Amino acid sequence: MSHATSQGPQLLHGFKCLTRFEKGIGAQLPEAYKKFWREWKQTTPAAVHYVPKTEPFERDEVTGVIRPVQNVPLPLIDTPESNEGIWGGEAVIKGFQKRHPQKRRVPHFWVPTLRRSVVHSQVLNEYISMVVTDRTIDQIHDCHGFDHYLLKNLACDLRSTLALKLKRQILLQLKNGCPNLADNPTERARVLKEFKCYLESYTPEEIEWYGHTYEEAIRKLQAQIRAENPIIPHKVEFRIKLVEQLRNAGISEAGGSHIGDKAAKSSDNDNAEIERLTKLEAPSSSTSSWLSKINPFGKKQET
C-alpha cells in the first residue's frame, strides 16, 4: 500500500499531517515569518512557574532509587486580556486544589497579580500605560530599561502580542535611524549607539514580518499579492481597447469637435421641427374643426 501513495515508505510510520505552512495560502508566507513563528510558538520558553532541575538523574531520599529527571512545563492558558498587557511570561494555570484533608479536590485557576503601570521607551520616545506583573517590572529593572527588556528576550518569553508589536516598532525605528528623535540629534546619536547592536540578529525582511500573528501575516501577504497583481475590471479593459481602436481609426477619444458641432446643429433642427408640428396641430382661434363640433365630450368654445 505504501507504494501507491505519494508519501511512499513514510506511510509505514503513519500519515503526515500537513502544517499551516504546508497548505493553502500559508505555504506562500516568506521564510522570515516562519523563523519568527518558530521562535514564538515552537521554542521552549524560560521556566516561570516551576524550578527546573539541571541534573539528568536524581536519587529518591526515602528508597534510594535513581530516576531520570523530567522537566515537564506546566500547561498555561493565554487569555485575551494577556495580549493587552505584558505579563512577563506568566499566564493562567488551571489545576486542582486540596482545600480540606477530608474533602475532594476542587478545580482552581491561578491568576498572576496584575497592576497598571507606566513604562518609558527611549527608542519610541513615548510613555506607555499598560497592565504588567511584578515579574515584568523586575525583568525591566534587571535589563536596565524597557527597550532592553523587549530586545533581549525571545518571542516565546514575551508571549503577548502587545510586547511583540512594540518590539517590531522599536526594531523599525532603529532600522530607519530613529526619525522620531530628529529634533534632538544628541539623544538620537546616543540611542542609536546604545541599541544598534540588536539589529545584527535580524534582516530587514525579518523585521517587517516580526511580531505578526498568523491572521495578520495572511492579511499582509494578501495585500502584497493584490498590490503586485491588481485586478482590473472588464469595463476598464474594454474601454482601453475601444480607445485604442478609435485612435487607430483616426477618431479622437472625445469624439472630435466637428462631431459635437454636427450634433448641436441636428438638435437645433429637431427642435425647430417639433415647434412647427405643434403649431400645425394647435387649433386656430377663428375657426374650429368639424370634429370638435361632433365630439360631445370636447370642450365648448366660449364666445
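Quick caveat, the model's predicted, so the values are computed rather than measured.

> What should I look at first to understand the overall build of the chain in this one?
A tally of regular secondary structure across the chain gives 11 helices and 7 strands. Taken across its 303 residues, the chain has 28% of its residues classed as buried. Taking contacts inside the chain between residues at least 6 apart in sequence as the whole, the part at least 24 apart equals 50%. Carbon together with sulfur atoms contributes 55% to the accessible area of the chain, which is approximately 22,100 Å² in total.

> How should I be thinking about the sheet that holds strand S5 (residues 106–110) in this particular structure?
Pairing between sheet strands relies on hydrogen bonds along the backbone, with the strands arranged either parallel or antiparallel. In spatial order, the strands read S3-S4-S5; together these 3 strands make up an open sheet with antiparallel pairing. Edge strands, defined here as strands with exactly one partner in the open sheet, are strand S3 (76–77) and S5.

> Any chance you could explain empty space enclosed by the protein here in plain terms?
Gaps left between atoms show up when a probe the size of a water molecule is rolled over them. All chains considered together, the criterion is met by 1 cavity of 30 Å³ or more. Considering only enclosed or pocket space, the largest cavity measures out at about 50 Å³ in volume. What lines the largest cavity is simply Asp 78, Ser 82, Asn 83, Trp 87, Gly 88, Gly 89, Glu 90, Leu 158, Arg 159 and Ser 160. The residue makeup of the lining of the largest cavity, split by class, is 2 nonpolar, 5 polar and 3 charged.

> Please explain the side chain of Glu 206 as it appears in this structure.
With respect to the element layout, Glu 206 can be found in helix H7 (residues 204–209). Owing to a relative accessible area of 14%, Glu 206 belongs among the buried residues under this scheme. Ignoring any residue separated from it by four or fewer positions in sequence, one finds Glu 206 in contact with Ala 32, Lys 35 and Ser 201.

> I tried to follow the pairing of strand S7 (residues 126–133) on my own but got confused; where do I start?
The side chains of a regular strand alternate between both faces of the sheet. Pairing geometry for strand S6 (residues 114–121) and S7, over 8 bridges, is antiparallel. Paired with Val 118 across the strands is Ser 129, a residue of S7.

> Where do I start with the packing of aromatic side chains in this structure?
Think of a pair of aromatic rings as described by two things: how far the centres are apart, and how the planes are tilted against each other in angle. Inspection of the entire model under this criterion finds 12 aromatic pairs. When the centroid spacing of 5.8 Å and the interplanar angle of 75° are considered together, the rings of Phe 21 and Trp 37 count as edge-to-face. Separated by 16 residues along the polypeptide, Phe 21 in the segment before helix H1 (31–42) and Trp 37 in helix H1 bring together distant segments of the chain. Using a relative accessible area of 13% as the deciding quantity, one classes Phe 21 as buried. One aromatic cluster is present, formed by Phe 21, Tyr 33, Phe 36, Trp 37, Trp 40, Tyr 202, Trp 209, Tyr 210 and Tyr 214 through successive ring pairs. Above the ring of Tyr 214, the side-chain terminus of Arg 20 is found at 4.7 Å from the ring centroid. The residue whose ring lies beneath Lys 41 is Trp 40, and the NZ or CZ to ring-centre distance is 4.1 Å.

> For this particular structure, what's the right way to read the pattern of salt bridges?
When charged atoms on two side chains of opposite charge get close, those side chains can pair. For the structure shown, the criterion picks out 10 salt bridges. Between Arg 38 and Glu 31 there is a salt bridge, and its shortest N-O distance comes to 3.2 Å. Taking the relative accessible area as the measure of exposure, Arg 38 reaches 37% and is therefore partly exposed. With a shortest N-O distance of 2.8 Å, Lys 53 and Glu 58 are connected by a salt bridge. A network of salt bridges, in which partner residues are shared, links Glu 187, Arg 190 and Glu 194.

Cut-offs applied
- Residues numbered from 1 in each chain as written.
- Predicted model: local features only at pLDDT ≥ 70, side-chain atom pairs only at ≥ 80, totals over all residues.
- Heavy atoms only, no water.
- Helix = DSSP H or I, 4+ residues; strand = E, 2+ residues; numbered from the N terminus.
- Buried < 20%, exposed > 50% of the residue type's maximum accessible area, 1.4 Å probe, protein only.
- Contact = heavy atoms within 4.5 Å.
- Areas by Shrake-Rupley, 256 points an atom, 1.4 Å probe, with all protein chains shown as cover.
- Pairing = 2+ DSSP bridges.
- 1 Å grid on protein atoms, 1.4 Å probe; cavity = no way out; pocket = protein on both sides within 12 Å on 5 of 7 lines; lining within 4 Å.
- Points joined across faces, edges and corners; volume = space filled by probe spheres on them.
- Nonpolar A, V, L, I, M, F, W, Y, C, P; charged D, E, K, R; others polar.
- Phe/Tyr/Trp six-rings, centres within 6.5 Å; stacked < 30°, edge-to-face > 60°.
- Lys NZ or Arg CZ within 6 Å of the ring centre and 35° of its normal.
- Salt bridge = Lys/Arg side-chain N within 4 Å of Asp/Glu carboxyl O.

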